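Residues per chain, in single letters:
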Amino acid sequence: MALLPILEFPDPRLRKIAKPVDQVTDEIRQLTDNMLETMYDAPGIGLAATQVDVHLRVVVIDVSDEGDEPLVLINPEWEAIDDDMEDYKEGCLSVPEFFDDVERHSHIIYRALDRDGNAIEEKAEGLLAICIQHELDHLNGKLFVDYLSRLKRDRIRKKLEKKHRLEQQGR
Ligand code: NI
């Protein structure tokens, strides 16, 4: 397995639309294993392939306390079950050290292929439901900062651009 570099906002590659996976091959399984290792190492509770500059519809998630319940979602889709909404202070490995409230659906149903290519369909609520909506946004080139005011988003962008400049100077 290998750790993959994570793209950070405002990198334009985070805006690409991911393509569906044709077939769940060993190569795709290798990608999901590397994404899980990268996510646990960060540490984070979700990672979309877009964030590691692979523009395929692949997401990994683990919202368990122990970090021992990996969820691999290939070609995932979700829909809301009802109109219930909730706010949660979200963060993102591509927007390090910033957190803010985003309103999401509380109860969803999701469909995907798992790591073995089997079709799954499950209901989700709470943190898992929020995480699925957040990660699937990534596959469509969308970030949680897009839900914030332009003022907040610009402030985050400027701070991260400064961080990236300093990192480059340090090389
Ligand atoms: Ni994210």
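Scroll up to find the structure.
Computed from a predicted model, the values in this text were never measured in an experiment. (Residues numbered from 1 in each chain as written. Predicted model: local features only at pLDDT ≥ 70, side-chain atom pairs only at ≥ 80, totals over all residues. Heavy atoms only, no water.)

**Student:** Report on the pattern of salt bridges, specifying residues and quantitative values.
**Tutor:** Taken as a whole and judged by the stated rule, the model has 14 salt bridges. When the shortest N-O distance is used, the salt bridge between Arg-13 and Asp-11 registers 2.8 Å. For Arg-13, a relative accessible area of 35% gives the class partly exposed. Measuring nitrogen to oxygen at the nearest pair gives 2.8 Å for the salt bridge that ties Arg-104 to Asp-137. Here Arg-104, found in strand E5 (residues 100–105), pairs with Asp-137, found in helix H2 (residues 126–139); they are 33 residues apart in sequence, far enough to count as distant. Of the two residues, Arg-104 and Asp-137, both sit in the buried class. Beyond isolated ion pairs, a larger network of salt bridges with shared partners links Glu-8, Lys-163 and Glu-167. (Salt bridge = Lys/Arg side-chain N within 4 Å of Asp/Glu carboxyl O. Buried < 20%, exposed > 50% of the residue type's maximum accessible area, 1.4 Å probe, protein only. Helix = DSSP H or I, 4+ residues; strand = E, 2+ residues; numbered from the N terminus.)

**Student:** I'd like a description of the state of the cysteines, backed by residues and values.
**Tutor:** Across all of its chains, the model carries zero disulfides by this definition. Of all cysteine sulfurs, the one in Cys-92 lies closest to Cys-131, which takes part in no disulfide; the gap is 9.9 Å. (Disulfide = S-S within 2.5 Å.)

**Student:** Before we move on, can you summarise the pairing of strand E2 (residues 58–61) with the specific residues and values?
**Tutor:** Covered by surrounding structure in E2 are Val-58 and Val-60 together with Val-59 and Ile-61, the residues of both alternating faces. In this sheet, E2 lies alongside strand E1 (residues 46–48) in antiparallel orientation, the contact comprising three bridges. If you follow Gly-46 over to E2, its bridge partner there is Ile-61. Pairing of E2 with strand E3 (residues 71–80), which is carried by four bridges, proceeds in the antiparallel orientation. Looking at E3, one finds that Val-58 is bridged to Ile-74. (Pairing = 2+ DSSP bridges.)

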